[in-house]
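# Coordinate analysis (summary)
Each chain, letter by letter, is given below.
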Amino acid sequence: MSQLSAEDEVELQSLLKQLLQSINDKIAGAPSTECAEEILLHLEETDKNFHNYEFVKYLRQYVENSLGTVVEEETKSLCRGDGQHAIGSGHDTLIHAVTRRTRDSAEYQQMMQTLKNTMIMVVESLINKIEEDQLRKEEMHREKQHSQSNSQCTDNCSDSDSSFNQSYAFIRQEQLQVLAEKLESSKPKEVRWEALQALCCAPPSDVLSCESWSSLRRNLCAALTEPDPDLSFFAKSFSSSPLNVTREIYTSLATSVDSSFLSQKLSFPSGSAVLDINRPEISRLLKQIRLMNDFQKEVTNFWIRHPEKYMEEVIESTFFLLSFHHEHGSAGTEKALEPIHLLALLDVKATWFKKWMHGYYSRTVVLRLLERKYKSLVSDSLNNQYLSLTSFLTAKCENSINHSKCSSVQRSVYSGKELEYSFFVHSLCVLGKLIIYTNGRKLFPIKMRKHKDPVSLTDLVVILIKIMYRHPQPLHNSLSPSSLVMEVLWMLCERTECAAECLYQTPVIEMLLAPVISQLKSPAATLTLIADVLARIANTDRGLALFLYEKNLVLAHSERTFAAHVIVQFTLRLLDKGLPSLSESDVSHTLCGAFIFVCRQIYNTCEGLQVLRPYGLHKAVAAAWKQTSSLSERVPTPVPGASAGTSTQELHHIWEETLLDSLLNFAATPKGLLLLQQTGAINECVSYMFSRFTKKLQVSRCEKFGYGVMVTQVAATAPGVVALHSSGFVRALVVELWSILECGSEDVRVVRPKPTPMDPIDRSCLKSFLSLVNLLSSSQSVWELLGRQPLANKSEYTLREMPSSIPDLIDRLIAVNSDVKIHSLFHYEQSHTFGLRLLSVLCCNLDSFLLMESQYNICSMLLQSQRENITDLDTSEGEFIIDSLSVERNHVLVRVSVVGGPSERRLPSRALQEGEHPYPWPMFSCYPLPRCYNSEISTFLASSKDSNNDESWMENCRRQYCKVVASKPNILTGKGICLEKSVKSAVLSSMEQLGINTCLRYGSYLKLLKDDAVNDLTLLLKHMKIFLSTQRAKTSSELSILHRDGYLGHDWLASTVFLITAGNMDQSLRLLLNLSSLLISAFIWPARIHACVTESGIPPVYWCTAHYVEMLLKAEVPLVHSAFRMSGFTPSQMCLHWQTQCFWNYLDWTEICHYICTCVVMGPDYQVYMCVAIFKHLQPDILQRTQSQELQVFLKEEPIQGFKVSNYLEFMMGLERSYRNIVLADMRSIRKPVE
């Protein structure tokens, strides 16, 4: 560009002038020169058409030509040996590195200097030209004024003659007849040209409606055959006429082009021959087809407002023209130049066809015509794809076509290869758009010329994949074969029906994995593209099932295997660098990251992890991360000028983040979280997740939701919540909540006062509330965050003092037991209500309640607040003041004081009623509770007694149980352990004492326990504590739940057994000792397995039971599974909650007994089936509560209404037949947990 020709300088002047004319209104309105300069500097931000200006396109192309090679070299140097999969947070770091190094290059400095000098010359020349034009205009204006002063008006009336000479606002038939005669080919050229110019001034609708239109049309078509035809009449008609007019003009133009090709019989350039578009006959046809193409792309904006027949005429005339060679081709062997070749040259990516197929109105007509009359067009496009496999598509063709589209400099010569390539691109775009629609796919299979068998959809996709294999260029070139094929494959992956018909076929999967199976030397670029498609397929349910369960791949010796196995084995070899067939430079981190990403789409599902787990992929990824992390630590501190060292450090960081991200996604499932914890990288992974979570980044390009589900999954376990706390997530959540609840948004300008919240929890705080519920759902999480953490209870709180932890939040929002705390809140009632609602949800977990009660005396605090809410504190006759806080406190007190299922207790409403008594529920400020909160036991027992069904069901269970024991007497292994220690040495914690009181209240309500049962239950729990202490495994873990003296929570199973035996301590002890030798004890008895738990701190009821509950929900109750995904909550959280406390407060006593008996008699796997049955029972409520964003609170606070084990026993037996082999086998591996 430093040596410009005169033509280049003129073109730049023209482009710059066009830009200034386009933004003239913006600049003219500027009050000063400085403001005009400011407008130009920010034009890209304010003008939506900025990138469409030809001058901007010219500059962009100039930068690409000048720096394209530099950018590619820098990218290759940065990615060589240390790259990363192109999707992830490290991608931005790589871009910044390439940008910085490019701007520091000598080529960049030279380009800027050359551009500056050139533009100075162009601007100076343009200014001189503008001044000359201005002088010329002034001279012409003076001459015009002089001529007007010497002329006289001889006729003041407006007759038809003057109208004819000046304009054609009104035109007569006689005048059109005259014009038609002047346009005849026998007339001189000048006469015909003047007649055509005159015709342009007439309304096109008048022209088409005249009696001489047929002769006019014939003469207009004849005029188009001249060497330099004037298309102004056609252009004006297209731009300013309705469709009923333009379709006549368009069909006339199409007919003329078709006649020209028929008469001239142009030959397609072959060998070294070229197509010169400056040749008169080629130039004429290109101009006409260009005008038609412009109309094709614009007509979609308005043809829906006209009858369908007009649109059909336009479409059919186009298809007739493009199918030219089928109707008129010669019988010779020489290949002819066809209209579609020139159309492909002008619109290489078939924009016109994409627009026609976009709307249903036009798409139906297009597909109907293709099916009935013009199927040969599809056949021709298919034939072109076959030819591309046998022909050599060079990179030169791609670059030359791409350059001609991006550059403002018009090319004049195209080789035959370039024409073939443009036709190939055009055909591929047409086929890609065609097959994404159902009726488009119905056109297949299609019979092709010179092919015996018709081509099916599967054949077409296989052809496209082969084309991608033969031309594995990078995707930055939008016209490369690989980029075009990938665009089509991406579109197919995004549409379920398309993917099922086109991609989820055995030949397609075999073709995609052929380079992986053969492990021959394939370019890394090819394998990376394969991985991208595989990841998109694996991200769908149908595609994942195809990979996991269908043996559609043939290995050596005709052995068939699953696609998932092939993918994970190849990934492991990439991680171990065990592919000698690939050069070291090709085995880059980009390729390895791409295939890990494919595996990630598999192992972040329960069923996928089940298949990949034996391969130990988590170990391999963790080992690679540790190696990369150690290398990053040894990288020296960068110094100025050492760019290579800096880039190496950055790429190590990118690769390290990729591996961390891959490890983190194991936490998407309960069992995967256990695998992640075993790698020792859980803290680093959670810290990485928190960094992306705070930036509100997407999990990946394949995920529809954010990190909410993953955070909930991690928070369900003790090691997970510890990692969340150390990462800063808990603090950030608390601070964000406080900012919304108390501080508000200080940056928002107050236009009107903030409305008083009408809901107990305002919509602005709902997200933070649900996040806290998810975080504190598990009792293990509560223990880790609250255990031995006292409340501050300060004597003074400043208004700017913000809580930063969960104990601080409880101190400020829940334990509001002093005037100091009340006055420290800007919105006392709203904030305290929020705290009480949170407390209500937390207390649904009995162990969490016992911990808070033992540490903070929650009940005493609430009772004291209720006493202070009486009208007359000095007398006992005062009445309770009914307000939102007293109602909330009353609800919490009843919830924590009364135990029972849906038929056994009555929880007071939180809403007031209309009428004389707005709150009919009695309030209280001391124990005992009013009797109305307990259901009548006689009524309950009568309603739950069904002797025939229950006895027959239990008798059947006993009969089957005895049959198994008789046939396999050794099936129950293990023996009871003698209790040698003195029971007196056992000391129960305050939490266990509170649990005993809770159990006694429930037993007394059920009339199962006597008044002196407290001693027997205490003795039983001491026996169990001594017994379980003898089996406690030593651990080096730093988790609080593993360092305390035994199991932290209350032993709810022991209490349940005590109630089942009606308070018989000896019988309960024998039963528990015998139960401890059964496999089921590891799952229904949390205290039992806690004694033997590994250092992971994750109980098997979570990583095994809850894992399979999620897997079965996806297969058996998919709507519930989807509802949990959308809510950010997980089924595993509720499974852990329910089973830890043996369904107390959620099921009636009869169903709790059935739960225990079913799991013991029918098998441990029935614990999984029981949870699935409950979720199936709750499906209508779950779907409804998900829509109102109340799912977490509903499942936590509400009992399971109407659930009967007997009603779902047949359903559970069906699950047993389908899944027992998988579930029970994994449960039996409890002694050797997954690794």
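- With an unreviewed UniProt entry as reference, the protein chain is termed Protein broad-minded, source organism Amphiprion ocellaris.
- The UniProt entry for the protein chain carries the following comment under Function (unreviewed entry): "Required for high-level Shh responses in the developing neural tube. Together with CDK20, controls the structure of the primary cilium by coordinating assembly of the ciliary membrane and axoneme, allowing GLI2 to be properly activated in response to Shh signaling."

## Section: the pattern of salt bridges
- Per the stated rule, a full pass over the model turns up 29 salt bridges.
- Between Glu-308 and Arg-368 there is a salt bridge whose closest N-O contact spans 3.3 Å. Note that Glu-308 is positioned in helix 16 (residues 308–322) and Arg-368 in helix 20 (residues 360–372), a separation of 60 residues in sequence.
- For Glu-308, a relative accessible area of 33% gives the class partly exposed.

## Topic: the packing of aromatic side chains
- This structure, assessed with the given rule, holds 28 aromatic pairs.
- With 4.8 Å between their ring centres and 75° between their planes, Phe-1143 and Tyr-1155 make a pair best called edge-to-face. Residue Phe-1143 is located in the loop between helix 60 (1131–1140) and helix 61 (1149–1162), and its partner Tyr-1155 is located in helix 61; the two are separated by 12 residues in the primary sequence. This pair shows no difference in class: Phe-1143 is buried, exactly as Tyr-1155 is.
- Members of the aromatic cluster, joined through ring pairs, are Phe-1124, Phe-1129, Trp-1138, Phe-1143, Tyr-1146, Tyr-1155 and Phe-1175.
- If you follow Lys-335 out to its NZ or CZ, it ends over the ring of Phe-268, 4.3 Å from the centre.
- Arg-363 extends its terminal NZ or CZ atom over the ring of Tyr-437, reaching a point 4.1 Å from the ring centre.

## Considerations on the side chain of Thr-1186
- Relative to the helices and strands, Thr-1186 is located in helix 63 (residues 1179–1187).
- One polar contact links the side chain of Thr-1186 to the main-chain carbonyl oxygen of Ile-1182, over a distance of 2.6 Å.
- The residues contacting Thr-1186, other than those within four sequence positions of it, are Ala-1123, Ser-1127 and Leu-1191.

## Looking at the confidence of the model for the protein chain
- A residue-level look at the protein chain finds 80% of positions with pLDDT of 70 or above and a mean pLDDT of 81.
- At the low end of the mean pLDDT range in the protein chain sits helix 8 (residues 160–166), at 33; at the high end sits helix 62 (residues 1166–1177), at 97.
- Ignoring residues within four places in sequence, the model shows residues 83–89, a span with pLDDT below 50, making 20 contacts including any to other chains.
- This stretch, residues 937–948, has a pLDDT under 50; its non-local contacts, to residues over four places away or in other chains, come to 14 contacts.

## Considerations on helix 54 (residues 1052–1060)
- With 8 of its 9 residues buried, helix 54 lies for the most part within the structure.
- Immediately beyond the C-terminal end of helix 54, within one or two residues, lies Ala-1062, with a positive phi of roughly 60°.

## Some details on unusual backbone geometry
- Between Phe-444 and the following residue, Pro-445, the backbone shows a cis peptide bond with an omega angle of 0°.
- Its place among the elements puts Pro-445 in the loop between helix 24 (438–441) and helix 25 (457–470).
- In this structure, the amide linkage connecting Tyr-927 to the following residue, Pro-928, adopts the cis form with an omega of 0°.
- Along the chain, the position of Pro-928 falls in the loop between helix 48 (884–897) and helix 49 (937–944).
- Unusually for a residue other than glycine, Lys-265 sits at a positive phi of about 50°.
- Relative to the elements of secondary structure, Lys-265 occurs in the loop between helix 14 (243–264) and strand 1 (274–276).
- Lys-265 sits in the exposed class, given a relative accessible area of 64%.
- Even without a glycine there, the phi angle at Asn-793 is positive, about 45°.

## Points about the packing of helix 54 against helix 55 (residues 1065–1075)
- The N-to-C vectors of helix 54 and helix 55 enclose an angle of 130°; their axes lie 9 Å apart at closest approach. With respect to helix 55, the element helix 54 is oriented oblique. By crossing handedness, the relation of helix 54 to helix 55 is classed as right-handed. Residues Leu-1053, Ala-1054, Val-1057 and Phe-1058 of helix 54 form the contact with helix 55, whose own contacting residues are Met-1065, Ser-1068, Leu-1071, Leu-1072 and Leu-1075.
- Here the contact of helix 54 with helix 55 is composed, by residue class, of 8 nonpolar, 1 polar and no charged.

About the criteria used
- Residues numbered from 1 in each chain as written.
- Predicted model: local features only at pLDDT ≥ 70, side-chain atom pairs only at ≥ 80, totals over all residues.
- Heavy atoms only, no water.
- UniProt positions renumbered as here; feature names shortened; annotations may be inferred.
- Salt bridge = Lys/Arg side-chain N within 4 Å of Asp/Glu carboxyl O.
- Helix = DSSP H or I, 4+ residues; strand = E, 2+ residues; numbered from the N terminus.
- Buried < 20%, exposed > 50% of the residue type's maximum accessible area, 1.4 Å probe, protein only.
- Phe/Tyr/Trp six-rings, centres within 6.5 Å; stacked < 30°, edge-to-face > 60°.
- Lys NZ or Arg CZ within 6 Å of the ring centre and 35° of its normal.
- Polar contact = N/O pair within 3.5 Å; in protein donor to acceptor, adjacent residues only side chain to side chain.
- Contact = heavy atoms within 4.5 Å.
- pLDDT = per-residue confidence, 0-100.
- Axes fitted to C-alpha atoms, helices over the stretch in contact; angles between N-to-C directions.
- Parallel < 35°, antiparallel > 145°, perpendicular 65-115°, else oblique.
- Left-handed = near helix turned anticlockwise from the far one by under 90°.
- Nonpolar A, V, L, I, M, F, W, Y, C, P; charged D, E, K, R; others polar.

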